[in-house]
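Remarks on the overall topology
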Amino acid sequence: MASERSRVLSGIQPSAGSFHLGNYLGAVRQWVALQDTHDAFYMLADLHAITVPQAPADLRANTRLAAAQILGAGLDPERCTLFVQSHVPEHAELGWVMNCLTGFGEAARMTQFKDKSAKQGTEGTSVGLFTYPVLQVADILLYQAHQVPVGEDQRQHIELTRDLAERFNGRYGETFTVPDAYILKETAKIYDLQEPANKMSKSASSVKGLINLMDEPKVTAKKVKSAVTDTDTVVRYDPVGKPGVSNLLGIYSNLTGASIAELEQKYDGKMYGALKTDLAEVVVDFVTPFRARTQEYLDDPETLDSILAKGAEKARTVAAETLAQVYDKVGFLPAKR
Ligand code: TRP
């Protein structure tokens, strides 16, 4: 029974367009695995996306694109709950209550906010960005999630979630499950093909180092073949001394399940070219069916939208129950029906 499994909730902002390989290996693939062992809720965080400016048509298209890619990656809406955050109004509603429970200084200490707002300047930073972590708290607590699968960079937001859950429970009585962070495997960390000191990221200075899953496979193969390697020619895993080759081995290992040791063996005495040619093929063999499945959903937005509608309905049943308890506990006068 799903309800006997521990519950996970996670979210991803739908604003990026094509996922890159780092998004897939670092998060989405692990979401897919968790749907078989957990009662999983996955959310496209469009409310979070508008904490920075978004062109409306792009946001709408990218939300469908994100959903299609998650389904293309193998998420099965029959085995988990996939929904769009703005389809469940309880997120914004609980978010407000949580804002009123959060200290100003407490929010001001969030390092992700400090980094982003330092880059954008005070006038370029929305209050929404300031309360971003508090909305994330609401996302998690609404579903009484036990675990939150996220990358290391989200740990502080999960700590805030725990603090606010405990604060609310202490002030108003047991209401929320206090969740744990479920930090996704670091082994899946993927680096830029051109600047292997940096994580693979949309915001890289050049797209040459970025494997976008929705790109033409030919383009992707070319990027792999022109990846930066290191000055000697030995295929050996050494992230500090040989970050370029090590990244290629990491990608290879992640996509095929072959261990690093096996790969070192395989390319013993061979040069980088052989590794790159083979890896290009591995990547193409992965992205080709992924793109085809994703495209099927994109070509049929009606089906896609009804999957999301069903997901929102399942999510709302849980979220509404939690919110009703919260409204009662804080002392809101019930609306007469
Ligand atoms: N802040 C998360 C990120 O950038 C996305 C997110 C929004 C999230 N709401 C969430 C993650 C709730 C986990 C749980 O990755």
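Residues numbered from 1 in each chain as written. Predicted model: local features only at pLDDT ≥ 70, side-chain atom pairs only at ≥ 80, totals over all residues. Heavy atoms only, no water.

Quick notes on the overall build of the chain
Note the cut-off: Runs of H or I in DSSP of at least four residues are treated as helices and runs of E of at least two as strands, each being numbered from the N terminus. Computation of the radius of gyration draws on C-alpha atoms alone. For the globule rule, the value is 2.2 Å times the number of residues to the power 0.38. Type-normalised accessible area, obtained with a 1.4 Å probe on protein chains alone, sets the label of each residue: buried when under 20%, exposed when over 50%, and partly exposed for intermediate values. Note on contacts: a residue pair is in contact if any heavy atoms of the two residues lie within 4.5 Å. A 1.4 Å probe and the Shrake-Rupley method give the accessible areas. Residues count as covered only by the protein chains that appear here. Residues counted as positive are Lys and Arg, residues counted as negative are Asp and Glu, and His and the chain ends are not counted. All charge positions are set by atom: Lys at NZ, Arg at CZ, Asp at CG, Glu at CD.
Assigned secondary structure in the chain consists of 14 helices and five strands. A compact globule built from 337 residues should have a C-alpha radius of gyration of about 20 Å, and the chain, at 22 Å, falls within 12% of that. In terms of overall dimensions, the chain has C-alpha extents of about 75 × 45 × 40 Å along its principal axes. Across the 337 residues of the chain, 47% fall into the buried class. By sequence separation, contacts in the chain at least 24 residues apart represent 76% of the contacts at least 6 residues apart. Split by element, the accessible area of the chain, about 16,300 Å² in all, is 54% carbon and sulfur. Of the side-chain charges in the chain, 36 are positive and 42 negative, and the distance between the mean point of each set is 2 Å.

Focus on the pattern of salt bridges
Heads up, the condition is: Between Lys or Arg on one side and Asp or Glu on the other, a salt bridge is scored when a side-chain nitrogen of the former is within 4 Å of a carboxyl oxygen of the latter.
Tallied over the full model, the rule gives 12 salt bridges. A salt bridge links Asp 76 to Arg 79; its shortest N-O distance comes to 2.9 Å. Exposure remark for Arg 79: the relative accessible area of 41% places this residue in the partly exposed category. Residues Glu 90 and Arg 316 are paired through a salt bridge, measuring 3.3 Å at the closest nitrogen-oxygen approach. Separated by 226 residues along the polypeptide, Glu 90 in helix H4 (residues 90–99) and Arg 316 in helix H14 (residues 301–330) bring together distant segments of the chain.

Quick notes on helix H6 (residues 111–120)
Applied cut-off: The directions from the helix axis to the C-beta atoms form the arc being described.
Of all the positions in H6, only Gln 112, Phe 113 and Ser 117 are classed as buried. Summarising the axial view, the buried residues of H6 lie within an arc of 115 degrees, below the 170-degree limit, and thus occupy one face. Residues Ala 118 and Lys 119 are exposed on H6 and point more than 90 degrees away from its buried face. Tucked inside the fold, the buried residues of H6 contact helix H7 (127–130) and helix H9 (155–172).

Quick word on a negative patch on the surface
How we decide: Put simply, a patch holds well-exposed residues, over 30% relative accessible area, that have no salt bridge, with like charges counted together within 9 Å and Val, Leu, Ile, Met, Phe, Trp or Tyr side chains within 5 Å.
On the surface, Glu 296, Asp 299, Asp 300 and Glu 302 cluster together to form a negatively charged patch. Along the chain, Asp 300 falls in the loop between helix H13 (272–298) and H14.

Quick look at the pairing of strand E2 (residues 39–44)
Note the cut-off: Only strands joined by at least two bridges in the DSSP assignment are considered to pair. Handedness is read with the strands pointing away from the viewer; a crossover is right-handed when the path from the first strand over the helix to the second is clockwise.
Of all six residues in E2, six are buried, a share of seventy percent or more. Residue alternation in E2 divides its side chains into two sets, Asp 39, Phe 41 and Met 43 and Ala 40, Tyr 42 and Leu 44, and both sets are buried. Sheet topology places strand E1 (residues 7–12) next to E2; six bridges connect them, and they run parallel. Each residue of the ladder has a partner; that of Ser 10, found in E2, is Tyr 42. Note on the crossover from E1 through helix H1 (residues 21–34) to E2: the handedness is right-handed.

Description of the environment of Gly 331
Along the chain, Gly 331 turns up in the segment after H14. Note: C-alpha distance between Gly 331 and Tyr 172 (159 residues apart in sequence) is 9.7 Å.

Here's the deal with the site of the ligand
Defined as follows: Proximity is defined per residue: if any heavy atom of the residue lies within 4 Å of a molecule or strand, that residue is considered near it. N or O atoms closer than or at 3.5 Å make up a polar contact, with two conditions inside protein: a donor-capable atom paired with an acceptor-capable one, and, for residues adjacent in sequence, both atoms drawn from side chains.
In the neighbourhood of the ligand, 13 residues make up the surrounding shell, with Met 43, Tyr 132, Gln 136, Asp 139 and Gln 154 lying closest. In the model, a nitrogen atom of the ligand is placed 3.1 Å from a nitrogen or oxygen of the Gln 136 side chain. Between the ligand and Gln 154 there is a distance of 3.0 Å, counted from a nitrogen atom to a side-chain nitrogen or oxygen. The protein chains hide 87% of the 360 Å² of surface that the ligand would expose on its own.

Remarks on the side chain of Asp 46
For Asp 46, the position within the fold is in helix H2 (residues 46–49). Buried charge without a salt bridge: Asp 46, with Arg 60 as the nearest opposite-charge side chain at an N-O distance of 8.8 Å. In contact with Asp 46, not counting residues within four places along its chain, are Pro 14, Val 84, Gln 85 and Ser 86.

Some thoughts on the pairing of strand E4 (residues 147–150)
With four bridges connecting them, E4 and strand E5 (residues 180–183) associate as parallel partners. Each bridged residue has a counterpart across the sheet, and for Val 150 the counterpart in E5 is Ile 183. Once you follow E4 into H9 and on to E5, the crossover reads as right-handed.

Looking at the packing of aromatic side chains
Aromatic rings considered in pairs are described by the distance between their centres and by the relative angle of their planes. So the rule is basically this: For this analysis, a ring pair means two rings from Phe, Tyr or Trp (six-membered ring only for Trp) whose centres lie within 6.5 Å, classed as stacked if their planes differ by under 30 degrees, edge-to-face if by over 60, and tilted for the remaining angles.
A complete count under the given rule lists 11 aromatic pairs for this structure. A centroid spacing of 4.7 Å and a plane angle of 35 degrees characterise the contact between Tyr 24 and Phe 286, whose relative ring orientation is tilted. Of the two residues, Tyr 24 sits in helix H1 while Phe 286 sits in helix H13, which places them 262 residues apart along the sequence. Exposure class is identical for Tyr 24 and Phe 286. Each is buried. Taking the centre distance of 5.6 Å and the plane angle of 45 degrees together, the rings of Phe 83 and Tyr 143 count as tilted. On the criterion of sequence distance, the pair formed by Phe 83 in strand E3 (residues 81–84) and Tyr 143 in the loop between helix H8 (132–142) and E4 is long-range, its members being 60 residues apart. The burial state of Phe 83 is the same as that of Tyr 143; both residues are buried. Taken together through their ring pairs, the aromatic side chains of Tyr 24, Phe 286 and Phe 290 make up a single cluster.

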